[in-house]
Amino acid sequence: MPARTREHWTALPRSPAVDPSAADRPVAGVSDAPTFLEGEGFHVRRATASIDLRFADPFLLLDHMGAVEYAPGEAKGAPDHPHRGFETVTYMMDGQLVHRDSNGGGGLITDGATQWMTAGAGIVHSEMPTEQIVASGGLFHGVQLWVNLPQAEKWTPPRYQDIDANRVEVLASDDAGAVVRLIAGDLGGHAGPGATHTPITYAHATLQPGARLRVPWRADFNALAYVLAGRGTVGMEGRPIHEGQLAMFGPGQAVTVTAAPGQEARSDTLEVLLLGGRPIRETIAWYGPFVMNTRDEIVQAVEDYRAGRMGSIPAERTPA
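Note that the structure is a prediction, hence the values are computed from the model and not measured.

In this chain, aspartate 57 is followed by proline 58 through a cis amide linkage whose omega measures 20 degrees. By the secondary structure assignment, proline 58 is in the loop between β3 (42-46) and β4 (59-70). One non-glycine residue, aspartate 111, adopts positive backbone phi at about 50 degrees. With respect to the secondary-structure elements, aspartate 111 resides in the loop between β8 (106-110) and β9 (113-118).

Here it is in structure tokens:
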């Protein structure tokens, strides 16, 4: 993704200091992300696969794609498939994906951009590598987050948001030892551009070796931290964490992440996702790409998709 040096960080708006009396969230657990095959056969690390989803609510799934250096012809994608009842959020740090859907949404996701798709009542979409990536190969690194919708909003009309990297709110920590890219929600009075049905905060933080980041966190939100690259600790208690691990936090008003003084060869910084939201606490019926509240609603979703009622992606026009 577009690089920012520490000299650039000093010119950024600063995240406000956390009240020293604010209770720091303790670490409730750290979990390894197992690997799965998705789409046409690309590997993802599913950060939420091994945890009690009550810690993640309103999030359903967090998949980490890469980082991987594709050789020519190796890049894979996810061809046409349906969704209903939730939102998919795809954040690309490196590489390129093309999104197309049956509601007319779509575009190129690359270099720190995010595509936010509200499936709602039902949609068919695809996420595929560009012809350039397939032909030439290259670095590919991204994440996809599934955000549940409450029962009252599961039938909302589909919507697509294209969030370019330049629209993301970028903040530096007090000492400019860390930078935070705020994709959605509020962090210390700063707001990210993503429009959400379910109240959440979603951010990507980069910490220099040895830097500590302490941010305010809404007491009514869950809190998670997932390491994209590097190593460090979470919580004031200093629980070790490294790439491919997810930390779950207990109650409190602040979240703390610290980068190890020495980082790994392939990443000289600690890269971590900070995310949380207000729990929905509703019964979930989940079948593949459909997340509803009852089994009957799942049966209806399958029938609606098979009958074509979720639409289809229009054929691409070829130049005359």
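Moving on to the sheet that holds strand β6 (residues 86-94). Sheet architecture is open: seven strands sit in the order β2-β3-β4-β11-β6-β9-β12, paired in antiparallel fashion. Each edge of the sheet is formed by a strand with only one pairing partner; in this case those strands are β2 (35-38) and β12 (159-163). Pairs of neighbouring strands in the sheet enclose a mean axial angle of 20 degrees, with direction left out of account. Of the strand pairs in this sheet, β4 and strand β11 (residues 138-148) are connected by 10 bridges, and their pairing is antiparallel. Along β11, the bridge assignment pairs leucine 61 with tryptophan 146.

All right, on to the side chain of glutamine 144 then. Mapping glutamine 144 onto the fold places it in strand β11. In this structure the side chain of glutamine 144 is engaged in a polar contact, spanning 2.8 Å, whose partner is the side chain of threonine 90. Among the polar contacts listed, one links the side chain of glutamine 144 to the side chain of tryptophan 146, at a separation of 2.9 Å. Apart from residues lying up to four places away in sequence, glutamine 144 is in contact with Leu61, Leu62, Asp63, Met65, Thr88, Val89, Thr90 and Glu127.

Moving on, we come to the packing of aromatic side chains. Scanning the model with the defined rule gives three aromatic pairs in all. Ring geometry for tyrosine 70 against phenylalanine 140: centres 5.6 Å apart, planes inclined by 50 degrees, an arrangement best described as tilted. Highlighted residues: tyrosine 70 in strand β4 and phenylalanine 140 in strand β11, separated in sequence by 70 residues. Exposure class is identical for tyrosine 70 and phenylalanine 140. Each is buried. With a centroid separation of 6.0 Å and 35 degrees between ring planes, the pair formed by tryptophan 146 and tryptophan 286 is classed as tilted. Remark: tryptophan 286 occurs in strand β25 (residues 285-287) and tryptophan 146 occurs in strand β11; sequence separation between them is 140 residues. Residue class for tryptophan 146 comes out buried when judged on its relative accessible area of 9%.

Quick notes on the rules
- Residues numbered from 1 in each chain as written.
- Predicted model: local features only at pLDDT ≥ 70, side-chain atom pairs only at ≥ 80, totals over all residues.
- Heavy atoms only, no water.
- Helix = DSSP H or I, 4+ residues; strand = E, 2+ residues; numbered from the N terminus.
- Pairing = 2+ DSSP bridges.
- Axes fitted to C-alpha atoms, helices over the stretch in contact; angles between N-to-C directions.
- Polar contact = N/O pair within 3.5 Å; in protein donor to acceptor, adjacent residues only side chain to side chain.
- Contact = heavy atoms within 4.5 Å.
- Phe/Tyr/Trp six-rings, centres within 6.5 Å; stacked < 30°, edge-to-face > 60°.
- Buried < 20%, exposed > 50% of the residue type's maximum accessible area, 1.4 Å probe, protein only.

Scope: geometric values only; no functional claims are made or implied.
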